[in-house]
Structure formats: C-alpha cells, structure tokens
Amino acid sequence: MRKRIVAGNWKMNTNIEQAVKLALDIKAQYKGSEVDVVLCPPFTNLYAVHRVIQDTTIKLGAQDLYWKDGGAYTGQISAGMLTSVGCQFVIIGHSERRQFFGETDESVNKKIKKALDYHLTPIVCVGEWLEQREANETETVVARQIRGALAGLDADDVAKLVIAYEPVWAIGTGKVATPAQAQDVHRFIRTLLAEMSGEATADGIRIQYGGSMKPDNAAELLAQPDIDGGLIGGASLKADSFLGIVNA
Ligand code: PGA
C-alpha cells in the first residue's frame, strides 16, 4: 500500500512573519495522520518553518534547487543548502518554472539527480497545457516529460521519486480535473513507469494530483486507485483548508 502524501506549495507567498504563523497554525491544528504532510515555503522562510515543525512529523520541502554543489552561481540554491535547513523534499519542474523560468526536461533531469545525491526526495511535476489536452496530446506530452526527467535513472532511483501530475489548465484556475480525467493520466504514468523501470517500482511510486485541489473535491480525487496524494497551491495557504485536504 502506498503511503499518501499531501504537500503544500506556498509558491511566492508569505513573508517571514506570515510563514511562521501559517506553520504554527498548521502545527496547532494537525492531529497526525497516516499521510506524509510536507510544507514547501519560499527559500527565505525554510529555516524558520523548520524550527516550527521540527518536533512534529510534518516535513519540509523547497520549491526548486540548482544542480551544482556550489560556487559562482549568483542567486541559486544548492541541494546541500536545502538539507542544511531541514529539507527532506524538493519540488522540481513545476509548470510555473517551466513557463516563466526556462525550466526544461534536461534541467529537471539534472536537478533530480542532484537532489537524489543529497537524499532529498524530488517531487517531479508534469502536466499538459489546455491546448495540448484539446489536441489529444496529453499522453504524448506527459510521456515526453517523464522520459526526459528520468533519463539515466535506474529503477532504485526512480523508486525514490514522487511524481505530481498537474494539468496546467487546472492550476490556480479553480477548474479541477474530474476524478476520471486525473485517474486516466495517473494510470498512464504508472504504466509508463512500469515499462521504464519495472512493475514493482511503478507499483510503489506515489503520484500526486495537483491543480485546484480543495477540501471539497479532495476526497473523490484521492479515492481514485492511482492518485496517492495532492500538491496543493492556493488551498495550502490556510491551515484549515490545507488540513481539510490532509484529512480527506
Ligand atoms: P493550485 O496549485 O492548488 O493553486 O491550483 C497547485 C500547484 O501549482 O502546485
């Protein structure tokens, strides 16, 4: 049985005060669960949030990293920096990074390898644009992203990943994929992973859904056989809505 995982992607939201307050609120309201719960605040708030949650089972994740160990790369953050402030997870290849910051399948691949070197669990994001879905290209696009992201990884490494399927048209739009639409793509991803890395790896890997997941639509999405959790944007910025999804 795959352990479910719900991660909050705070994106470019929260100053230090707001981040600490949100983490404290989540900690106060969190009763524990069978689910892995991960908070992904902006870089500047990672350490402060780590301090708040370090005596709980809630885990910390970053929203990106750079694939070099260190050096003259102004503005970048390394895997070692992330582990030093308590991160266990890192989101890689979010569609907003692909859209606005030139992230490619190649850079996603390098980042995944570096994260694994440092025992960080990558949350690898894939997903199609609306035009691609309408042109029936969803599977082609997602397969290209998965193959590119996982290039050169052996089955043992693939087994360590979390995949997040996030249809771009559902992110921040309030237009959630139907449970059947999401399940179809999750099934497709798992089948592809079985081809690439074997059945056992594919069966064990956790695939989150992301895109306008809210407390009132989470339960039916999470009831699908291949949906193992959620990557939550907007609804992760309030303790009650985030935990409403965790408890769903
Ligand atoms: P959303 O974002 O929940 O606000 O749609 C999800 C994401 O981008 O990870």
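It should be emphasised that the depicted structure is a prediction, and the values quoted were computed from it without experimental measurement.

About the thresholds
- Residues numbered from 1 in each chain as written.
- Predicted model: local features only at pLDDT ≥ 70, side-chain atom pairs only at ≥ 80, totals over all residues.
- Heavy atoms only, no water.
- Axes fitted to C-alpha atoms, helices over the stretch in contact; angles between N-to-C directions.
- Helix = DSSP H or I, 4+ residues; strand = E, 2+ residues; numbered from the N terminus.
- Parallel < 35°, antiparallel > 145°, perpendicular 65-115°, else oblique.
- Left-handed = near helix turned anticlockwise from the far one by under 90°.
- Contact = heavy atoms within 4.5 Å.
- Near = heavy atom within 4 Å.
- Polar contact = N/O pair within 3.5 Å; in protein donor to acceptor, adjacent residues only side chain to side chain.
- Areas by Shrake-Rupley, 256 points an atom, 1.4 Å probe, with all protein chains shown as cover.
- Nonpolar A, V, L, I, M, F, W, Y, C, P; charged D, E, K, R; others polar.
- Phe/Tyr/Trp six-rings, centres within 6.5 Å; stacked < 30°, edge-to-face > 60°.
- Buried < 20%, exposed > 50% of the residue type's maximum accessible area, 1.4 Å probe, protein only.

*Asks:* Please set out the packing of helix H1 (residues 16-29) against helix H12 (residues 239-247) residue by residue, giving values where relevant.
*Replies:* The N-to-C vectors of H1 and H12 enclose an angle of 45 degrees; their axes lie 9 Å apart at closest approach. Of the possible angle classes, the one that applies to H1 and H12 is oblique. In this structure, the crossing between H1 and H12 has a hand that is right-handed. Listed contacts from H12 to Leu22, Asp25, Ile26 and Gln29 of H1 are Ala239, Asp240, Phe242 and Leu243.

*Asks:* Any chance you could break down the site of the ligand for me, citing the residues and the numbers?
*Replies:* Lining the immediate environment of the ligand, one finds 13 residues, of which Lys11, His94, Glu166, Gly172 and Ser212 sit closest. The contact in question runs from an oxygen atom of the ligand to an N or O atom on the side chain of Lys11, over 2.7 Å. The contact in question runs from an oxygen atom of the ligand to an N or O atom on the backbone of Gly234, over 2.8 Å. Relative to its unbound accessible surface of 280 Å², the ligand loses 97% to contact with the protein. Residues belonging to the shell around the ligand are distributed by class as follows: four nonpolar, seven polar and two charged.

*Asks:* If you had to explain the packing of helix H11 (residues 215-222) against H12 to someone new, which residues and values would you point to?
*Replies:* In the contact formed by H11 and H12, the axes pass within 8 Å of each other and the chain directions differ by 20 degrees. Comparing their axes, H12 and H11 come out roughly parallel. In the packing of H11 onto H12, the handedness of the crossing is right-handed. Contact residues: H11 offers Pro215, Ala218 and Leu222, while H12 offers Ser241, Gly244 and Ile245. Considered class by class, the residues forming the contact of H11 with H12 number four nonpolar, two polar and no charged.

*Asks:* Let's hear about the packing of aromatic side chains: which residues, and what values?
*Replies:* This structure, assessed with the given rule, holds four aromatic pairs. Between Tyr66 and Trp67 the ring centres are 4.5 Å apart and the planes differ by 35 degrees, which places this aromatic pair in the tilted class. The class of Tyr66 is buried, set by a relative accessible area of 16%. An angle of 50 degrees between the planes, with centres 5.4 Å apart, marks the rings of Tyr66 and Tyr73 as tilted. On the basis of relative accessibility, which here comes to 34%, the residue Tyr73 falls in the partly exposed class. Here the aromatic residues Tyr66, Trp67 and Tyr73 are joined through ring pairs into a cluster of three or more.

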